Amino acid sequence: MPGDRPGAGRAVQGLRAGDLGWIQITTFVLAGAGGVALAAGIGRTVTEGVGRRALPILVGIFGAGMIAAGLFTMDPENGFPAGTPDGPVAQMSWHGIAHSAVAAVSFTSLAIAAIVLAVRCARRRAAPPAIAGGAAGLVLLLPMSPEHMSIQIAVNGLVAFTWTTVVALRLRRSA
């Protein structure tokens, strides 16, 4: 508990209030804005074929979810951020629950978008992007394991932002 160490409660509250938490919040919001912009670009450039309606909606949900995840902060737990006691939080706050829920919806939406785009590529006989998109979607759909959650979140972030970057670059090249 925060009271177990002198001053620990104050340190946790200061971190929770966001001494440097604004950096992470800004990152989530800007990444979400990028997702919304990508959705708009997909909507303008993908005008026919499989996924023409679903792709911009799914990517837009991802972007909006990232913005929301930035606005609803996580609860400090498991020694993160520094000064937080080890172990899970006893009871999640409403904003911690909202953060987890919108993040789950956001990444699930992006996973479905990757699979829809993989099907689109497969129908056009573009095997490498179909395989890459399908793999990205499957990685994003893997269930979270409490023992490996930090690693899985990092891998999901890497996969999600690599996939969105590649899609954006391919759209730019084709436009």
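Keep in mind the model is a prediction, meaning the values are calculated, not measured.

Attention now goes to the overall build of the protein. When helices and strands are tallied, the protein shows six helices and zero strands. Per-residue burial over the protein gives 35% buried out of 175 residues. Counting only contacts in the protein whose residues sit at least 6 apart along the sequence, the fraction spanning at least 24 positions is 65%. Entry remark: accessible area of the protein is about 10500 Å², with carbon and sulfur atoms responsible for 68%.

This part is about the environment of G137. For G137, the location among the structural elements is in helix α5 (residues 127–141). Sequence-wise, G137 and T108 are 29 residues apart; in three dimensions their C-alpha atoms are separated by 8.5 Å. When residues no more than four places from it in sequence are discounted, the contact partners of G137 are A111, A114 and I115.

The next point concerns the layout of surface pockets. In this structure, the second largest pocket encloses a volume near 590 Å³. Counting only elements with at least two residues in the lining of the second largest pocket, the list comes to α2 (21–45), α4 (94–123), α5 and α6 (149–174). The dominant element in the lining of the second largest pocket, judged by the number of residues it contributes, is α6, at eight residues. Residue classes in the lining of the second largest pocket are distributed as 18 nonpolar, four polar and four charged.

As a packed pair, α4 and α6 sit with axes 11 Å apart at the nearest point and diverge in direction by 45°. Taken as axis vectors, α4 and α6 run oblique relative to one another. For the element pair α4 and α6, the recorded crossing hand is left-handed. Here F107, L110, A113, A114, L117 and C121 of α4 come into contact with α6, specifically with N156, G157, A160, W163, T164, V167 and R170.

Calculation rules
- Residues numbered from 1 in each chain as written.
- Predicted model: local features only at pLDDT ≥ 70, side-chain atom pairs only at ≥ 80, totals over all residues.
- Heavy atoms only, no water.
- Helix = DSSP H or I, 4+ residues; strand = E, 2+ residues; numbered from the N terminus.
- Buried < 20%, exposed > 50% of the residue type's maximum accessible area, 1.4 Å probe, protein only.
- Contact = heavy atoms within 4.5 Å.
- Areas by Shrake-Rupley, 256 points an atom, 1.4 Å probe, with all protein chains shown as cover.
- 1 Å grid on protein atoms, 1.4 Å probe; cavity = no way out; pocket = protein on both sides within 12 Å on 5 of 7 lines; lining within 4 Å.
- Points joined across faces, edges and corners; volume = space filled by probe spheres on them.
- Nonpolar A, V, L, I, M, F, W, Y, C, P; charged D, E, K, R; others polar.
- Axes fitted to C-alpha atoms, helices over the stretch in contact; angles between N-to-C directions.
- Parallel < 35°, antiparallel > 145°, perpendicular 65-115°, else oblique.
- Left-handed = near helix turned anticlockwise from the far one by under 90°.

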